[in-house]
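Read off the chains here:
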Amino acid sequence: MNAANAPTAAPYTTIVGLEVHLQLQTRTKLFCGCSTAFGAPPNTQVCPVCLGLPGSLPVMNRAAFELAMKAALALDCTIASFTKWDRKNYFYPDLPKGYQISQFDLPFSSSGSLEVVDPKGTFAPRTVRIVRVHLEEDAGKSMHDDTAGRADSRIDLNRAGTPLCEIVTEPDLRSPQEARAWLNELKLLLEYLGVSDCNMQEGSLRVDANVNLHIPEASGRIAKTPIVEIKNMNSFRSVERALIYEVARQWEEWQQTRAELGTMPKQTRGWDDPAGVTRAQRHKEESSDYRYFPEPDLVPVTVSPQQLAAVRASMESPPKQLRQSLQSQWNISAYDADVLVNQGRDLVAYFETLAAQVGGGKVASNWMQQDVLRMLKERGGAIADFPVQPAGLADLIARVTAGTFDTSRAREIFAEMVANGRSAADVVGAMEIAAVGEDELRDLCRELLARNPKIVADVQGGKEQAVAGLIGQARKQNANVNPGEFRTMCLEMIRTMGR
Amino acid sequence: MQPAELSAVDIVAAVRQGDLSAVQCAETFLSRIEAGNGSINAFLNVDREGAVACAAKIDARRRAGQPIGPLAGLPVAVKDVLCTANLPTTCASKMLEHFQPPYDADTVSRLRQADAIIVGKTNMDEFAMGGSNENSAFGPVRNPWDLSRAPGGSSGGSAACVAADMAPVAIGSDTGGSIRQPAGLCGITGLKPTYGRVSRRGLIAFASSLDQIGPMARSAADCALVLETIAGHDPGDSTSLVASVPRYTELLEQPLTGVRIGRVPDHFAEGLDPEVAKGVEEAFAVLKAAGATVLDIRMPHAKYGVPTYYLIAPCEASSNLARYDGAHYGRRCEETAARKGSRASNGAIAYDSPLVEMYCRSRGEGFGPEVKRRIMLGTYALSAGYYDAYYAKAMKVRRLIRQDYLDAFEHVDLIGGPVSATPAFKLGEKTGDPLAMYLVDLYTVAANLAGIGGISFPCGFTKSGLPIGFQLQAPALGEPLLLRASDRFQRLTDWHLRRPKKSVR
Ligand SMILES: [Zn+2]
């Protein structure tokens, strides 16, 4: 195991802070009426404002601002009663105005936190402080065409002007695993609140990580390695991998160079996922001075206590609260509650309906964990598209509880229900499933024992497990045979035969 | 009477009555433009066909008894900084020489809605940066009163075309005096409304927090008529005011009795041309005779107006003009030149990439020297380490200047004084000295910094026959009083009715 995978054993502490860019799930862009839908042909969702044509002016989309407020409130941030916009100036072809409308010294929210708890206990619960959350417009996308040495770039401005929340944390994370888990929790939270779809592949969530090491020296002094910013990570897994790599790299570099924080400018390194390494990026001098100043085309935004209360009231319960309420209301374990909540709000709703209909959280939770989730995983897709509704599953579970058939038989029925979208009753009827009567079972036992003298002898010789060989034969003859009942009856008969 | 000699108010009335056809009116002004523009260069683009077609439709509607708009048949010249969907909009810059906006500016839409007739786009200082109209990439405008002199700027084309009877009304924009100063130097009336009174949507930005669109005409009454149409809230401009628009033309009658007008003694300090000083003092006398009281007031921070302005405006301009990068529209250098990436001596790879080479060359070729100067000033002042000393400090002084006005308007209703220190200067006289050129804004920039309205109108002539301008400023949304006082002055004087002798008639 890599040293970074076991921070407690390492001769240093890993210090990680994250910067998350999040596209808000609004219908329209932040400062114009263009659609934000992903995947449209290039430059079809644009207008004079997001193209930055001369004379065009931005107008703030209040819905986007309120959605950003939701995100900030969910992160326990303080919402400023007065906030303003600033211009961040830099030249890039996918930035049509030559500046990005952002927030500099007065972000709309600050000072929040989000806790991450690992129910498996691989790390202690960690509260990560949020420095600030601010709102800005996204840039367009550059697509570089390197074919035939032309090195042409094409620009798609569909994304330009999409509302983007920037969330900056304090360097409170202490391992790559924690960073990944915290990002998962953040994603879950934002998805629950309908703030963002958090799709990293489509670029609606982007993460940069700042990392360095704190190394205690014999003198008691703590040496700090230079902070490195890692970019280009396209999944939470790659965030974790990049951090693991970078921590090891910094430790190695420290041992060779003893270079400390402050002795060199902050370095930016890009994550090369296939190669599994971070690489130094060229230092761009022009990126260091954005010449921020207040955006004169927009008026400051004020938030009244009433507006704040209205946004708060419109918010649904966050995952943390939901986990607790599932545990207390349905009497399930923290681990089970975590698994359910992590699957998203729709799955939790499915579970709660099921639990209410079968009249118990535990049995419902077991079915969810062992069967529904497994099937979902096999099939792919969301719970919303799952062919068996909670009522259908509840009906099946009720039959098991009534003793009509056992759980393993029920699983077969469930598989059939899922595969062909049929009801339990339908499947049971079609498979001629009915409880096998005691007389019928006794006849079957007798017949099979007579046909298998060796098994009888083995059992009589003390090898009770030999009776398992009979169960398969019994089920071949009658699929409805309950294996447990059959086994008990066979053993009972053999005992009587021996007397 | 020839339509060219009618006021805008009279033209609109005559068209409405059927005494004058919109086509006849448009034709008159178009032929005056065609005859005179060669020597004055007030227009960059004349839309004869569009104007006549538009006028014909208005005539047809009027004859058919259908309703016509409040400015029906009124020819209007529009400064080439306002976007027009049917005409290129160049800002008098090579950068936008062939730029065709896909939309009309809010002001242009309102004019069209009111059935005004857009006759063409007027010359200006490039991107509205300048006070003489000599910074146009398409040649300077000449002052109709003396063709060897500058008309002022940056709305020099708009001022000159009205002075030369090529249009009864023009639209200008004023960032530091660009309506009032050329109006003063060309002997016409120009109103810079309160910041936000007229939507800036479609106005190509120079300095967003200072820019304001306004009417330029022969009289205050004509300005009032046009302002009624172009003022008003625009949901597309967050900084446009939501206040309702008064019927300015109906608020002109009330006498000036009891109106207090402030006079700033500092305005008459060294540097003010004696003939201008005399004209301005006589204007105060006329206003007094009309019933106003004149009181001396202090504006302690006014002297910092020009330096403050020349920090804030270039800072905003450096950002507003960043979009002209050759990547999306506007001028782009030759592709082969960009691909050379010939600035190899620069070292860092990023700086001699074809992309950066394209930016540098396109901007280098597209912008004139004054625009470049202001972009550099602004970029410098906003840079890390300088921001506090320049931009932040300028913003503090701006607040002090605003406070000066608030304090002053506790005691007076209007503030009067000169528009510029001298009458029209010779072309080329100040082009070698940017600082001298910046001082032409001495009396006008403070109103932009404070966001209040100001008006300029002629109050006399020098012995050599050059107009002298008088400026009035009012508290925010004080346009009714500005227009009323100016109109009252014009009922008592005839300076605004004088016409340049040398211009083609
Ligand atoms: Zn748009």
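Think of each chain on its own: its residues are numbered from 1, step by step along the sequence as written. Ligands are numbered from 1 and chains lettered from A, in the order in which they are written. Only residues with pLDDT of at least 70 get local features here, since the model is predicted, and only at 80 or more are side-chain atom pairs given and counted; chain-wide, interface and lining totals rely on the full set of residues. Working from all heavy atoms in the structure, the side-chain values ignore hydrogens and water.

A word on the overall build of chain B
Link 1 in the chain: The numbering of helices and of strands both runs from the N terminus, where a helix is a DSSP run of H or I of at least 4 residues and a strand a run of E of at least 2. When helices and strands are tallied, chain B shows 16 helices and 11 strands.
Link 2 in the chain: Relative to the compact-globule value of 23 Å for 505 residues, chain B shows a C-alpha radius of gyration of 22 Å, a close match.
Link 3 in the chain: Structurally, chain B occupies a C-alpha span of about 70 × 55 × 45 Å along its principal axes.
Link 4 in the chain: Three exposure classes are used, based on accessible area relative to the maximum for each residue type with a 1.4 Å probe and protein chains only: buried under 20%, partly exposed in between, and exposed over 50%. By residue count, 62% of the 505 residues in chain B fall in the buried class.
Link 5 in the chain: Throughout, a residue-residue contact means that at least one pair of heavy atoms, one from each residue, lies within 4.5 Å. For chain B, restricting intrachain contacts to residue pairs at least 6 apart in sequence, the fraction spanning at least 24 positions comes to 76%.
Link 6 in the chain: For accessible areas, the Shrake-Rupley method is used with a probe of radius 1.4 Å. Any residue's cover is judged against the shown protein chains and nothing else. Put simply, chain B shows about 17,700 Å² of open surface, and 55% of that area lies on carbon and sulfur atoms.
Link 7 in the chain: Charge convention: Lys and Arg are scored as positive, Asp and Glu as negative, and His as well as the terminal groups of each chain are ignored. The atoms used to mark charge sites are NZ of Lys, CZ of Arg, CG of Asp and CD of Glu. For chain B, the separation between the mean place of its 54 positive charges and that of its 52 negative charges on side chains is 1 Å. It is over C-alpha atoms that the radius of gyration is taken, and the globule rule equals 2.2 Å times the number of residues to the power 0.38.

Concerning the packing of aromatic side chains
All names here are of chain A.
Link 1 in the chain: In this analysis, rings of Phe, Tyr and Trp, with Trp reduced to its six-membered ring, are considered paired at centre separations within 6.5 Å, and the interplanar angle assigns stacked below 30 degrees, edge-to-face beyond 60, and tilted for intermediate values. If you walk through the whole model with that rule in mind, you get 30 aromatic pairs over all chains.
Link 2 in the chain: Relative to Trp251, the ring of Tyr12 has its centre 5.0 Å away and its plane inclined at 45 degrees; by these criteria the two rings are tilted. With a gap of 239 residues between them, Tyr12 in the segment before β1 (13-23) and Trp251 in helix α4 (residues 236-257) connect regions that are remote in the sequence.
Link 3 in the chain: Between the aromatic rings of Phe386 and Phe414, the centroid separation amounts to 6.3 Å while the plane-to-plane angle is 50 degrees, which identifies the pairing as tilted.

Here's the deal with the pattern of salt bridges
Link 1 in the chain: The term salt bridge refers to a side-chain nitrogen of Lys or Arg lying within 4 Å of a carboxyl oxygen of Asp or Glu. Under the counting rule described, the total for this entry stands at 64 salt bridges over all chains.
Link 2 in the chain: With its nearest N and O atoms 2.9 Å apart, the salt bridge here joins Asp174 of chain B to Arg180 of chain B. For the pair formed by Asp174 of chain B and Arg180 of chain B, the shared burial category is buried.
Link 3 in the chain: By sharing partners, the salt bridges in this structure join Arg87, Glu295 and Asp297 of chain A together with Arg200 and Asp237 of chain B into a single network.

A few points about the domain arrangement of chain A
Link 1 in the chain: Domain boundaries in chain A define domain 1 (3-307), domain 2 (317-430) and domain 3 (438-498).
Link 2 in the chain: Here the bounds of each domain stem from an automatic or database domain assignment. Relative to domain 3 of chain A, the C-alpha centre of domain 1 of chain A lies at a distance of 66 Å.

Considerations on the coordination of the zinc ion
All names here are of chain A.
Link 1 in the chain: Distances up to 2.8 Å from the metal define which N, O and S atoms are donors, and 3.2 Å serves for Na, K and Ca; water is absent from the atom set, so sites may look incomplete. Binding of the zinc ion to the protein goes through Cys32 (SG), Cys34 (SG), Cys47 (SG) and Cys50 (SG), at separations of 2.3 to 2.4 Å.
Link 2 in the chain: Around the zinc ion, the 4 donor atoms sit at angles spanning 100 to 116 degrees, and that spread fits a shape best called tetrahedral.
Link 3 in the chain: Along the chain, the residues donating to the zinc ion are arranged with the sequence spacing C-x1-C-x12-C-x2-C. Taken together, the residues Cys34 in the loop between β1 and α1 (48-51) and Cys47 in the loop between β1 and α1 connect sequence positions 13 residues apart. Like Cys47, Cys34 is buried. By the criteria applied here, four donors are tetrahedral when all angles lie between 85 and 135 degrees, four are square planar and six octahedral when opposite donors are over 155 degrees apart and every other angle lies between 65 and 115, and any other arrangement is irregular.

So, the side chain of Thr493 of chain B
Link 1 in the chain: Examined against the element boundaries, Thr493 of chain B turns out to sit in the segment after α16 (479-492).
Link 2 in the chain: A distance of 2.8 Å separates a polar side-chain atom of Thr493 of chain B from the backbone oxygen of Phe489 of chain B. For the purposes of these results, a polar contact is taken to be a pair of N or O atoms within 3.5 Å, where, inside protein, one atom must be able to donate a hydrogen and its partner to accept one; residues adjacent in sequence count only when each atom of the pair is a side-chain atom.

Considering the interface of chain B and chain A
Link 1 in the chain: On the side of chain A, 34 residues touch chain B, which itself brings 41 residues to the contact.
Link 2 in the chain: Defined in terms of a 1.4 Å probe, buried area is the accessible area two parts forfeit on being brought together, summed over both. Considering only the surface of chain B that becomes buried against chain A, Ser238, Arg323 and His328 of chain B emerge as the three largest contributors, covering 20% of it.
Link 3 in the chain: Summed over the shared surface of chain B and chain A, the number is 1 salt bridge.
Link 4 in the chain: Two residues, Asp297 of chain A and Arg200 of chain B, come together in a salt bridge whose shortest N-O distance is 3.1 Å.
Link 5 in the chain: Linking chain B to chain A there are 16 residue pairs in polar contact (both at pLDDT 80 or more).
Link 6 in the chain: Elements supplying a minimum of two residues to the side of chain B that touches chain A: α9 (305-320), α11 (354-366) and α12 (369-382) of chain B.
Link 7 in the chain: If one sorts the elements of the side of chain B that touches chain A by residue count, α9 of chain B sits on top with 4 residues.

Overview of the nonpolar core
Link 1 in the chain: Counting 113 residues, the largest nonpolar core has Leu111, Phe127, Leu472 and Leu483 of chain B as its most contacted members.
Link 2 in the chain: Ranked by the residues each element gives to this core, the list is headed by helix α7 (residues 220-230) of chain B, at 8 residues.
Link 3 in the chain: Here Phe127 of chain B is in contact with Cys91, Ser93, Met95, Leu96, Ile204, Phe206, Leu321, Tyr324, Phe367 and Val371 of chain B, once residues within four sequence places are set aside.
Link 4 in the chain: We call a set of buried Ala, Val, Leu, Ile, Met, Phe, Trp, Tyr and Cys residues a nonpolar core when their side-chain atoms join them within 4.5 Å. Leu18, Ala68, Leu73 and Val207 of chain A belong to the second-largest nonpolar core, a separate cluster that totals 68 residues.

Looking at the packing of helix α3 (residues 176-192) of chain A against α4 of chain A
Residue and element names in this part refer to chain A.
Link 1 in the chain: Note on geometry: axes are lines fitted to C-alpha atoms, helical ones only across the stretch in contact, with angles between N-to-C directions running from 0 to 180 degrees. At a closest axis distance of 8 Å, the pairing of α3 and α4 adopts a crossing angle of 160 degrees. Between α3 and α4, the interaxial angle falls into the category roughly antiparallel. α3 and α4 meet at a crossing whose hand is right-handed. Contact residues: α3 offers Pro176, Gln177, Ala179, Arg180, Leu183, Asn184 and Lys187, while α4 offers Phe236, Arg237, Val239, Glu240, Leu243 and Ile244.
Link 2 in the chain: Classes in brief: Ala, Val, Leu, Ile, Met, Phe, Trp, Tyr, Cys and Pro nonpolar; Asp, Glu, Lys and Arg charged; the others, Gly included, polar. Within the contact of α3 with α4, the residues separate by chemical class into 7 nonpolar, 2 polar and 4 charged. By the definition adopted for this analysis, an angle is roughly parallel if under 35 degrees, roughly antiparallel if over 145, roughly perpendicular if from 65 to 115, and oblique otherwise. Handedness of each helix crossing follows the sense of rotation of the near helix against the far helix: counterclockwise by less than a right angle gives left-handed, clockwise gives right-handed.

Remarks on the sheet that holds strand β16 (residues 293-294) of chain A
Link 1 in the chain: Two strands form a pair only when DSSP identifies at least two bridges running between them. The antiparallel open sheet is built from 3 strands, whose spatial order is β5-β4-β16 (chain A). The open sheet has two edge strands, β5 (99-102) and β16 of chain A, and neither has a second partner.

Comments concerning the sheet that holds strand β8 (residues 293-296) of chain B
Residue and element names in this part refer to chain B.
Link 1 in the chain: The mixed open sheet is built from 11 strands, whose spatial order is β1-β3-β2-β4-β6-β5-β10-β11-β9-β7-β8. At either end of the open sheet lies a strand with only one pairing partner, and these are β1 (43-46) and β8. Within this sheet the neighbouring strands show an average axis-to-axis angle of 30 degrees, counted without direction.
Link 2 in the chain: Across 3 bridges, the pairing between strand β7 (residues 260-263) and strand β9 (residues 414-418) is parallel.

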